[in-house]
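Summary of structural features
As a plain string of letters, each chain reads:
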Amino acid sequence: MNSLRVRLGVLGLALLTGFTTPTAASAAPAAPSPTVEEQRLGRAAPQEILRRSGFDTAAPRLARALEGARSFGEARRAVGREGARLWQRAVDRAQGRGPAEYEGREALPWKGGGGRRAGLSRDDDRPLYWARLGMTRDVRTWEPDFGLTDGQRAALLDELERSSRGQNAIRYPEGKGLKRILLTGFDPFTLDRDIRISNPSGATALALDGTVIQTADGPARVETAVFPVRWQDFTEGTVERALRPHLPKVDLFTTVSQGRVGRFDIERTNGAWRGGFGDNENVGRTETVPVADPASQPQWTTTTLPYAAITAAQTGRFPVYDNTSVTEIPAGGAQPVVRPEGPTPGSTARAGGGGDYLSNEIAYRATLLRDRLGLHGTLPGGHVHTPVLQFGAGNTTEVTDPEFVRNRLDIIAQVKAILKVAAETS
């Protein structure tokens, strides 16, 4: 029989097995440990979010599937199937299909007891995030009787990440007369600051995946994917792998992330610099953005979104700005300088319009890929920063409130309106 064992805090045991005689039985190696990101799952807010959405069933379902796997091939198929099921379940929930779990029903008991709460609104992106972490934790710590190499475990985790983020489910209908839009979002982040946090870009991706926007030029089909807030995944090329097959075939793309309070920004310029802020694994990177063929890597890339038309249009209650500011080290200089009107010739990037974190980096990578594919002059694409998603005044403990939901719904609706303007202008 296979077994699924989740062990916390056992990494140090591996140090105790170092010196044995040739005839002595070697101690079993320590089980892999959950990551920093996965360890947050045990806190109260994530568990409440999972219970109130009904997504607390996802990880146990995968665990049962792994228990029944008799080979690496069977395990990989199970992981891919359950990852895709989780993504589709989150999309369906966000778009009003399928059961709403506890949504809108007062005083239902939590699974496992401990209190009574109403459900979470359908637009919530957090059930997908926390359910995925439960699944990756189980795969990471799984010890089947047939054994897994490090490479096989990494392949299972990769399959789960891609399938549960919609990255390998981007498909457009064949035929003419339909515009194709590609949009990406992000996981929640800064969770050690506030474990309750949601990311409106991820919520937007769920709300719009597979939907059709009616434009003055006809229908436009939107396909979406979500990306992790982890430097290492970007170093390994997750953005390029997901986007490269589709950029030559789409009519418009935009990467989306959460930006500043109370405003949207269309980021004019993206910089080739990582500023070191900690990711969801509490890892910081301060370096030039690592890409293939660094010898031909530019310091800056630019948006080809119709920013003038977008900022002039009435798309929603939040103002939308054409953000041209960057931070650079001027040619021949040594210290960073803020340039409100954009970079100067020969300068070295220290922050794009979207900063020096992963939101800037996904924009840089996507627009660099566009340019390397020879699409700069024909494919509109760039980055949209949404307002920060805020809780209602005085809410410092509850995982949701009416103002929080209203803000998220308004942001989603405004991103959709921005896409409509961009598609019609392009």
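Look above for the structure.
An account of the accompanying structure is given in this report. Just so it is clear, the model here is predicted, and its values are computed rather than measured. (Residues numbered from 1 in each chain as written. Predicted model: local features only at pLDDT ≥ 70, side-chain atom pairs only at ≥ 80, totals over all residues. Heavy atoms only, no water.)

1. Quick word on the overall build of the protein
Cut-off, in case you're wondering: Helical segments are the DSSP runs of H or I of at least four residues, strand segments are the runs of E of at least two, and each set is numbered from the N terminus. Residue burial is assigned from relative accessible area. The probe radius is 1.4 Å, only protein chains are included, and a residue is buried under 20% of its type maximum, exposed over 50%, and partly exposed in between. Residues count as neighbours in contact if any of their non-hydrogen atoms are within 4.5 Å of one another. Methods summary: accessible areas were calculated by the Shrake-Rupley approach with a probe of 1.4 Å, and residue burial reflects only the protein chains presented.
The secondary structure content of the protein amounts to twelve helices and 18 strands. Among the 426 residues that make up the protein, the fraction classed as buried is 54%. A sequence separation of at least 24 residues applies to 76% of the contacts in the protein between residues at least 6 apart. Here the protein has roughly 18000 Å² of accessible surface; of this, 54% comes from carbon and sulfur atoms.

2. Some details on the nonpolar core
Our working definition: For this analysis, a nonpolar core means a set of buried residues of the types Ala, Val, Leu, Ile, Met, Phe, Trp, Tyr and Cys, connected via side-chain atoms within 4.5 Å.
With 62 residues, the main nonpolar core has Trp 130, Val 139, Leu 183, Phe 264, Ile 310 and Leu 419 as its most contacted residues. Leaving out residues up to four positions away in the same chain, Ile 310 has contacts with Ile 266, Leu 305, Val 320, Ile 418, Val 421 and Ala 422. In terms of nonpolar packing, the next biggest core, distinct from the first, is built from 23 residues, Leu 182, Phe 227, Leu 369 and Leu 375 among them.

3. Some remarks on the pattern of salt bridges
Inclusion rule: Salt bridges are defined by distance alone: a side-chain nitrogen of Lys or Arg within 4 Å of a carboxyl oxygen of Asp or Glu.
By the definition in use, this model includes 35 salt bridges. Among the ionic pairs, Asp 187 bridges to Arg 132, the shortest N-O distance being 3.4 Å. Linking Asp 187 in the loop between strand 5 (179-186) and helix 7 (200-208) with Arg 132 in helix 5 (residues 126-141), this pair joins segments that are 55 residues apart in sequence. Residues Asp 187 and Arg 132 agree in their burial class; the two are buried. Its salt-bridge partner being Asp 217, residue Lys 179 comes within 3.6 Å of it at the nearest N-O pair. Of the two residues, Lys 179 is situated in strand 5 and Asp 217 in the loop between strand 6 (212-215) and strand 7 (218-227); the sequence distance between them amounts to 38 residues. A residue is classified by how much of its surface remains accessible, and Asp 217, at 48% relative accessible area, is partly exposed. Counted as one network, the salt bridges with shared partners bring together Glu 37, Arg 132, Glu 161, Arg 165, Asp 187, Arg 230 and Asp 233.

4. With respect to the packing of aromatic side chains
In plain terms, the rule: By convention, a stacked pair of Phe, Tyr or Trp rings (six-membered ring in the case of Trp) has centres within 6.5 Å and planes under 30 degrees apart, an edge-to-face pair has planes over 60 apart, and any other such pair is tilted. A ring is scored as having a charge over it whenever the NZ atom of a lysine or the CZ atom of an arginine sits within 6 Å of its centre and within 35 degrees of its normal.
For the structure shown, the criterion picks out nine aromatic pairs. Seen from their ring centres, Trp 231 and Tyr 357 are 5.5 Å apart, and the 80° between their planes marks the pair as edge-to-face. Separated by 126 residues along the polypeptide, Trp 231 in helix 8 (residues 231-235) and Tyr 357 in the loop between strand 17 (348-351) and helix 11 (358-372) bring together distant segments of the chain. Each member of the pair, Trp 231 as well as Tyr 357, is classed as buried. Each residue in the set Phe 189, Trp 231, Phe 277 and Tyr 357 is aromatic and connected to the rest through ring pairs, giving one cluster. A cation sits over an aromatic face here: Arg 89 above Phe 55, 4.2 Å from the ring centre. When the ring centre of Tyr 307 is taken as reference, the NZ or CZ atom of Arg 268 above it lies at 3.9 Å.

5. Quick look at the pairing of strand 15 (residues 326-329)
As a reminder of what qualifies: Following DSSP output, two strands are said to pair if at least two bridges run between them.
Judged from the three bridges that link them, strand 15 and strand 16 (residues 337-339) form a sheet pairing that is antiparallel. Counterpart to Val 326 in the pairing with strand 16 is Arg 339. Of the pairings in the sheet, the one linking strand 15 to strand 17 comprises three bridges and is antiparallel in character. Paired with Ile 329 across the two strands is Thr 348, which belongs to strand 17.

6. Here we look at the sheet that holds strand 17
Definition in use: The angle between two axes is taken between their N-to-C directions and runs from 0 to 180 degrees, where each axis is a line fitted to C-alpha atoms and a helix contributes only its stretch in contact.
Read from one edge of the open sheet, three strands run 16-15-17, paired in antiparallel fashion. Where the open sheet ends on each side, the last strands, each with one partner, are strand 16 and strand 17. When the angles between neighbouring strand axes are averaged without regard to direction, this sheet yields 45°.

7. Considering the sheet that holds strand 9 (residues 264-267)
Strand order in the open sheet formed by seven strands is 6-7-5-8-18-9-14, with mixed pairing between adjacent strands. Because the sheet does not close on itself, it has two edges, and the strands there are strand 6 and strand 14 (320-323). Put simply, the sheet's adjacent strands are angled 25° from each other on average, direction ignored. Sheet topology places strand 9 next to strand 14; four bridges connect them, and they run parallel.

From the geometry alone we can't say anything about function, so treat these as descriptive.
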